[in-house]
Amino acid sequence: MTVIPLYWMFIGSFQDSAASASFQPQMVPEIWSVAPYERFFGKTMAWRWLFNSLFVSAVLTVTNVFFASLAGYAFAKLKFPGSKSIFWVLLSTMMIPAQVTLIPLYILVINTFNLGDTYTAIILPSLVGVGNIFLMKQYMSTLPTSLIHAARIDACSEFGIFYKVILPMAKPGLAVLAIFTFVAHWNDFFWPLLVTRSNEMRTIQVGLASFKFAESTDFGAIMAGATIGALPMIVLFFSLQKYFLQGITIGAVKG
C-alpha cells in the first residue's frame, strides 16, 4: 500500500497525461516516453524551484543541527542557573498548535520586518526547532560524562569539548536529526506558500501546486515533477541509512 503510489508516480512520469489519469491503469506501460519531463522543465521554472528547495532545506538542516546540538549539550551536560526552567518553558511551546502562532508570525515577518518573498522569510522562523533541541538533549544525556571531565582536566574549553568529544560520539543522532530536518523542510508547503509571491521564489512543492492550465491538467508532467521532487529525499535516506538505523536503536540494548 505504501509502495504502489510511489510506483504509480514513477511510471506515470513516463506516460502521457491520458494514460496517467486513466481509470484502467497500466501497471507496466506499453510505451515509455520522457516527454513529461521535457514538458515539466520546459513550461516551468523547475530548476529554480529545485534550487530554492535545496538551498532552504540545506541551510535549515545546518542551522538546526548546529544550534540544536549546542542547546542539547548545554541542557544535558552543563549546569547553569535556570536550566531546568528554561528547558520546560521551551517544551511547553510544543503544546501550542502551529495554527495559533501562524497569523502573528506572518504579520511579524511580512508587515513588521517587511521580508516577504525572500529566503529570509522562509528560513528565519525555522532556524532551530524545539523538538530538535529536545531530541538532542535526550540523546546527549546518554553520552558518558566521564569523557567530558577528562577533557576539562586536560584544559579543553567547553566549545572544544563539544567539537572534539561530543560531536564525534553524537554522529548517529546528528544524522537522524539532519534526515528529519531536511525531509521536513523539503516537503514544507504552507509556509513557503504564504510568504512567497513571485514564481522565482517558489519551492518545488509550491511550484508543483501552481503547475496547472486553464483548459486541462498535465498529469504526466506533474508526475514527472513529483518524481524529481521525491528523488533527493530517497538519495538522502539511503546515503545516511546506516546512521539512521543506528540512531533509532541507540539505547535499546544495554551491555
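So, how was this worked out
Here the residue numbers are simple positions, counted from 1 along each chain's written sequence. For a predicted model such as this one, the threshold for reporting local features is a pLDDT of at least 70, and the threshold for listing and counting side-chain atom pairs is 80 or more; totals across whole chains, interfaces and linings nevertheless cover every residue. In computing side-chain values, all of the structure's heavy atoms are included and hydrogens and water are not. Here a strand is any run of E in DSSP of at least two residues, a helix any run of H or I of at least four, and the numbering for each starts at the N terminus. Here, two residues are considered to be in contact whenever any of their heavy atoms come within 4.5 Å of each other. The method works on a 1 Å grid over the protein atoms by themselves. A cavity is a set of points holding a 1.4 Å probe that cannot get out, a pocket is an open set with protein on both sides within 12 Å along at least five of seven lines, and residues with an atom within 4 Å of a point line them. Grid points are joined across faces, edges and corners, and a volume is the space filled by probe spheres set on the points. In the sections that follow, a salt bridge refers to a side-chain nitrogen of Lys or Arg positioned within 4 Å of a carboxyl oxygen of Asp or Glu. Only protein chains enter the area calculation, which uses a 1.4 Å probe; residues under 20% of their type maximum are buried, those over 50% are exposed, and those in between are partly exposed. Throughout this entry, Asp, Glu, Lys and Arg are counted as charged residues, while Ala, Val, Leu, Ile, Met, Phe, Trp, Tyr, Cys and Pro are counted as nonpolar. The remaining residues, Gly among them, count as polar. Only Phe, Tyr and Trp rings are paired, with Trp represented by its six-membered ring, and only when their centres lie within 6.5 Å; those with planes under 30 degrees apart are stacked, over 60 edge-to-face, the remainder tilted. Relevant arc is that of directions from the helix axis to the C-beta atoms, nothing else. Here a polar contact is recorded for every N or O atom pair within 3.5 Å, except that within protein the pair must consist of a potential hydrogen donor and a potential acceptor, and residues adjacent in sequence are included only if both atoms are side-chain atoms.

Colleague: Break down the overall build of the chain for me, citing the residues and quoting the values.
Modeller: Tallying secondary structure elements over the chain gives 15 helices and zero strands in all. Contacts in the chain between residues at least 24 apart in sequence constitute 74% of all its contacts with a sequence separation of at least 6.

Colleague: Hey, could you go over empty space enclosed by the protein for me, with residue numbers and the actual values?
Modeller: Under the counting rule described, the total for this entry stands at one cavity of 30 Å³ or more. Here the largest cavity is characterised by a volume of approximately 30 Å³. Around the largest cavity, the lining residues are V56, L60, I122, S126, H185, D188, W191 and P192. Elements represented by at least two residues in the lining of the largest cavity include exactly α4 (46-77) and α12 (190-195).

Colleague: Can you tell me about the pattern of salt bridges, naming the residues and giving the values?
Modeller: Applying the stated criterion across every chain, the model contains one salt bridge. Note that R152 is salt-bridged to E158, the shortest N-O span being 3.0 Å. The exposure class of E158 is partly exposed, given its relative accessible area of 34%.

Colleague: Lay out the layout of surface pockets with the relevant residues and their values.
Modeller: Taken as a whole, the largest pocket holds about 900 Å³ of empty space. Lining the largest pocket are 23 residues, with A98, T101, L105, P125 and S126 positioned closest to its centre. Counting residues per element, the lining of the largest pocket draws most heavily on helix α6 (residues 98-112), which supplies five residues. Residue composition of the lining of the largest pocket, grouped by class: 13 nonpolar, nine polar and one charged.

Colleague: Give me the packing of aromatic side chains: which residues, what numbers.
Modeller: Applying the stated criterion across every chain yields a total of 15 aromatic pairs. Taking 5.8 Å as the distance between ring centres and 45 degrees as the angle between the ring planes, the aromatic pair formed by Y73 and F162 counts as tilted. Note that Y73 is positioned in helix α4 and F162 in helix α10 (residues 158-169), a separation of 89 residues in sequence. Residue Y73 is classed as buried on the basis of its relative accessible area of 4%. For the ring pair F75 and F87, a centre distance of 5.3 Å and an interplane angle of 55 degrees mean the geometry is tilted.

Colleague: An account of helix α8 (residues 130-140) is requested, with residue identities and associated values reported.
Modeller: Listing the buried residues of α8 in full gives N132, I133, M136, K137, Y139 and M140. Angular distribution of buried residues about the axis of α8 spans 165 degrees; they occupy a single face of the element. Of the surrounding elements, those touching the buried residues of α8 are α4, α5 (83-93), α10 and α11 (171-186).

Colleague: How would you explain the environment of G72 if you had to name every residue and give the values?
Modeller: Here G72 lies in helix α4. G72 sits 64 residues away from M136 along the chain, and the two C-alpha atoms are 4.8 Å apart. In this structure, G72 is in contact with I133, M136, K137 and M140, ignoring residues within four places of it in sequence.

Colleague: Tell me about the environment of D117, and name the residues and values.
Modeller: Relative to the elements of secondary structure, D117 occurs in the loop between α6 and α7 (119-123). Sequence separation between D117 and T196 is 79 residues, and the spatial gap between their C-alpha atoms is 4.2 Å. Residues contacting D117, with those up to four places away along its chain left out, are V195, T196, R197, S198 and M201. At 2.8 Å, the side chain of D117 forms a polar contact with the backbone nitrogen of R197. At 2.8 Å, the side chain of D117 and the side chain of S198 are in polar contact.

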